[in-house]
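Take a look at the letters that make up each chain.
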Amino acid sequence: MAPVPPGIRFLTSFNRDQWYRAFTFGLTFLLYTSFHLSRKPISIVKSELHKNCSHVMEAPSESSSSQQPVLHPELDCSWKPFDRNNYKQLLGAMDYSFLCAYAIGMYLSGIIGERLPIRLYLTVGMLTSGLFTCLFGLGYVYDVHSLGFYIFVQVANGLVQTTGWPSVVTCIGNWFGKGRRGLIMGLWNSHTSVGNILGSLIAGYYVSSNWGLSFIVPGVIIAAMGVICFLFLIEHPNDLKIASAQSSASSNQKLHKNWNGVNGHKDLYLQYKPGAKAQSWDTELLLGQESIGVCVPVQQVVVVKSEAEPSAISFMGALRIPGVVEFSLCLLFAKLVSYTFLFWLPLYITKAAHLDAKKAGDLSTLFDVGGIVGGILAGVLSDKMGKRATTCAVMLLLAAPTLYGFSMMSQFGLGPTIGMLLVCGGLVNGPYALITTAVSADLGTHKSLKGNARALSTVTAIIDGTGSVGAAVGPLLAGLLSAQGWDQVFYMLMTADFLALLYLVSEDLQTSGSQPGIWDPLGGLNTL
């Protein structure tokens, strides 16, 4: 007999639960990748909505060499209404409308998500998000120049996209315990950067020829992923066990065996055989010795637990969980920095390095590449030290001077710009990734909840919703401050970074004398 190939031996070394866990990890990764993929195009298309048209001239012909070259009017190459002098404020208003709607909707999304099936809730959100993303691109196809139209689409898309984060974090938290949660969540959270990279590449491919496709293609992708979510997402391991139990019970019933009971009812029966394996999944056959070999009714016994199913936690109840408010406010400043880069980095590179929209979009992906490494590194360090907030504080401390360095180095050529983009991406996105994933999952399953796992979606929504307030404010301030020079934008980013750091340090000083069992926001749960 031929030996089993090593690859097959490796595959069979994992049990069914491990395969389902890996499948859920990969599926939720792809689902949220599509969310960020659909958010990125707006930052790439900005430089196409408003072009610097002063260099676009008509080449004089030989017969008319005496004529002066004529400059094209600005409205010939810019997209109305973004052809005005206040185009930065208008572009900032579009960012603000999306992010403000996202922040407000996030608080409601977590509460709703706790009370609805996650699979259906997430599917509807992805389908409608695909619809509104495509609708923005159709503005190019149908030559729409109304600012109100684009603002409406951004607001609607911001609201429906709030279905994503609480749903996927709850699902991944249900499947993975606290062991090595920082590493697992760090790897999993790279979907944010992967989605940004893919969104930049897709949008950059179409931006110069047909920027409408920069939105339509990502919109189709997220809608298609919504269908996949409906078909394959398993919310909780217990759902799989219940399905297996029902399938096992159905296979044990023989449809061809009937027996008239004392009341004349015809039911399904099971042939009892000596030595047969005992029934599981709360089903028992209560037989006497004289009943061996006789067809008897199968009676399913429903076991009712003494305690009632835990109810979904309220908004105020989630706020009272130790550490939720502290990390929510810290994320506000961290996400302000991250989303300012997300929405304005390509335009900054276009202006500072004098590159076209496609090259600037491709170069901006390096920030997200650094973010992947930073998120994984933050997770590994927090697992080893057991202090997630300490990890965040160290990375925030290093990020502030790095931001200043990037604003200086970006003027010295392509090489220094690439290096600083990678470093800034790691240090900025590391704390952001850790707080929105591992910290949220830890707090959503905090021991003060006494085993009630239905708080995870609400806690995640509160933390990410508060962070989204910063995400809304950051790009808006960038749009206003960039009119006075890009240096003002970087000063704002460094200030936000220091505020996030100082908040964690001040909380550490206030809780340095905490009693055993009290949450220490910088070091975790003090159990000494």
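How each quantity is defined
Counting restarts for each chain, with residues numbered from 1 along the sequence as it is written. Reporting in this predicted model follows two pLDDT cut-offs: at least 70 for local features of residues, and 80 or more for side-chain atom pairs to be given and counted; totals over whole chains, interfaces and linings ignore these cut-offs and use all residues. Note: side-chain values were computed over all heavy atoms of the structure, leaving out hydrogens and water. By definition, any uninterrupted DSSP run of H or I lasting at least four residues is a helix, any uninterrupted run of E lasting at least two residues is a strand, and each is numbered from the N terminus. Only protein chains enter the accessibility calculation, which uses a 1.4 Å probe. A residue is then buried if its area is under 20% of the maximum for its type, exposed if over 50%, and partly exposed in between. Any two residues whose heavy atoms approach within 4.5 Å are treated as being in contact. In this description, accessible areas are obtained by the Shrake-Rupley approach with a 1.4 Å probe, and a residue is regarded as covered only by the protein chains that are shown. Whenever a nitrogen or oxygen atom comes within 3.5 Å of another N or O atom, the pair is scored as a polar contact, on the condition that within protein one atom can donate a hydrogen and the other can accept it, and that pairs from neighbouring residues in sequence are kept only if both atoms are in side chains. Note on aromatic pairs: the rings of Phe, Tyr and Trp (six-membered ring only in Trp) are paired at centre separations within 6.5 Å, and the planes decide the class, stacked below 30 degrees, edge-to-face beyond 60, tilted for the rest. As a per-residue measure, pLDDT tells how confident the predictor is, with possible values from 0 to 100. Whenever a carboxyl oxygen of Asp or Glu lies within 4 Å of a side-chain nitrogen of Lys or Arg, that contact is scored as a salt bridge. Residues belong to a common nonpolar core when they are buried Ala, Val, Leu, Ile, Met, Phe, Trp, Tyr or Cys residues joined through side-chain atoms within 4.5 Å. Residues enter a patch when their relative accessible area is above 30% and they make no salt bridge; the linking distance is 9 Å between like charges and 5 Å between nonpolar side chains (Val, Leu, Ile, Met, Phe, Trp, Tyr). Interaxial angle, 0 to 180 degrees, is taken between N-to-C directions of lines fitted to C-alpha atoms, where a helix line uses only the stretch in contact. Here the word oblique covers every angle except those under 35 degrees (roughly parallel), over 145 (roughly antiparallel) and from 65 to 115 (roughly perpendicular). Note on convention: the crossing is left-handed when the near helix lies turned anticlockwise from the far helix by less than a right angle, right-handed when the turn is clockwise. As a working rule, the residues Ala, Val, Leu, Ile, Met, Phe, Trp, Tyr, Cys and Pro are called nonpolar, Asp, Glu, Lys and Arg charged, and the rest polar, with Gly in that last group. Multiplying one less than the number of residues by 1.5 Å gives the expected span of a helix.

### Some remarks on the overall build of the chain
And step 1. Across its full length, the chain carries 18 helices and 4 strands.
And step 2. Across the 528 residues that make up the chain, the buried fraction comes to 49%.
And step 3. Long-range contacts, defined here as pairs at least 24 residues apart, represent 78% of the contacts in the chain between residues at least 6 apart.
And step 4. Only carbon and sulfur atoms are counted for the fraction: they give 64% of the accessible area of the chain, which is about 24,900 Å².

### Considerations on the environment of Y32
And step 1. In this structure, Y32 sits in helix α2 (residues 16-39).
And step 2. Among the residues examined, Y32 registers a relative accessible area of 2% and is labelled buried.
And step 3. For Y32, the side chain forms a polar contact with the side chain of R39, separated by 2.9 Å.

### Some details on the environment of Y142
And step 1. Secondary-structure assignment places Y142 in the loop between α5 (118-141) and α6 (147-160).
And step 2. Classification of Y142 by relative accessible area gives exposed; the value is 63%.
And step 3. The spacing of Y142 and G212 is 70 residues in sequence and 9.7 Å in space, taken between C-alpha atoms.

### Details of the packing of aromatic side chains
And step 1. Inspection of the entire model under this criterion finds 27 aromatic pairs.
And step 2. Aromatic side chains F25 and F176 sit 6.0 Å apart centroid to centroid with 75 degrees between the ring planes, which places their arrangement in the edge-to-face category. You can see F25 sitting in helix α2 and its partner F176 sitting in the loop between α7 (164-175) and α8 (181-188), a full 151 residues away along the chain.
And step 3. Judged by relative accessible area, which is 15%, F176 ranks as buried.
And step 4. Centroid distance F132 to F152: 6.5 Å. Interplanar angle 85 degrees. Geometry classified as edge-to-face.

### Quick look at the confidence of the model for the chain
And step 1. On average, residues of the chain score 76 in pLDDT, and 73% of them reach the 70 mark or higher.
And step 2. Helix α10 (residues 213-232) holds the highest mean pLDDT among the elements of the chain, 96, whereas strand β1 (residues 269-271) holds the lowest, 42.
And step 3. Every residue in residues 55-75 scores below 50 in pLDDT, and together they form 16 contacts with partners more than four places removed in sequence or on other chains.

### Remarks on the pattern of salt bridges
And step 1. Under the counting rule described, the total for this entry stands at 2 salt bridges.
And step 2. K46 is the salt-bridge partner of D95, the closest N and O atoms lying 2.4 Å from each other. Taken as a pair, D95 in helix α4 (residues 87-113) and K46 in helix α3 (residues 41-49) lie far apart in primary sequence, 49 residues in all. Here the two residues D95 and K46 agree in accessibility, since each one is buried.

### Considering unusual backbone geometry
And step 1. The omega torsion of the bond from K80 to P81 falls at 5 degrees, within 30 degrees of zero and hence cis.
And step 2. Turning to its location among the elements, P81 is positioned in the loop between α3 and α4.
And step 3. At D143, a residue that is not glycine, the phi angle is positive and equals roughly 60 degrees.
And step 4. Residue D143 is classed as partly exposed on the basis of its relative accessible area, which comes to 47%.

### A word on the nonpolar core
And step 1. W211, F341, F406 and L493 are the most contacted members of the largest nonpolar core, which has 108 residues in total.
And step 2. Looking at which element gives the most residues to this core, the answer is helix α13 (residues 324-353), with 15 residues.
And step 3. Not counting residues up to four positions away in its chain, the partners in contact with F406 are F341, L345, Y348, T417, M420, L421, C424 and F490.

### Comments concerning a nonpolar patch on the surface
And step 1. On the surface, F23, L120, L127, V227, I228, F230, L231 and F232 cluster together to form a nonpolar patch covering roughly 690 Å² of accessible area.
And step 2. Of all the secondary-structure elements, those providing two or more residues to the nonpolar patch are α5 and α10.
And step 3. A per-element tally of the nonpolar patch places α10 first, with 5 residues.
And step 4. Note that F230 resides in helix α10.
And step 5. Given a relative accessible area of 40%, F230 falls into the partly exposed group.

### Observations regarding the packing of α5 against α10
And step 1. Contact geometry of α5 with α10 gives a least axis separation of 7 Å together with a crossing angle of 165 degrees. What the angle tells us is that α5 and α10 run roughly antiparallel. Every pair of crossing elements has a handedness; the one defined by α5 and α10 is left-handed.
And step 2. Of the residues contributing to the contact of α5 with α10, the split by class is 17 nonpolar, 7 polar and 1 charged.

### A closer look at the packing of α3 against α4
And step 1. Viewed as axis vectors pointing N to C, α3 and α4 meet at an angle of 160 degrees, and their least axial separation amounts to 11 Å. By the criterion of interaxial angle, the relationship of α3 to α4 is roughly antiparallel. For α3 against α4, the interelement crossing comes out right-handed. Residues I42, K46 and L49 of α3 touch α4, and the partners they reach there are L91, M94 and D95.
And step 2. Across the contact of α3 with α4, the residue classes break down as 4 nonpolar, no polar and 2 charged.

### A closer look at the side chain of Q154
And step 1. Inspection of the secondary structure assignment puts Q154 in helix α6.
And step 2. Classification of Q154 by relative accessible area gives buried; the value is 7%.
And step 3. For Q154, the residues in contact, after removing those within four places along its chain, are I42, M94, S97, F98 and F136.

### Side note on the side chain of S34
And step 1. As for its position among the elements, S34 is in helix α2.
And step 2. Residue class for S34 comes out buried when judged on its relative accessible area of 3%.
And step 3. Filtering out sequence-adjacent residues up to four positions away, S34 remains in contact with M126, I222 and M225.

### What to know about helix α9 (residues 191-206)
And step 1. For α9, which comprises 16 residues, the first-to-last C-alpha distance of 23 Å matches the rise-based estimate of 22 Å (1.5 Å per residue) to within 8%.
And step 2. By the burial criterion, the buried members of α9 are H191, T192, S193, G195, N196, I197, G199, S200, I202, A203 and G204.

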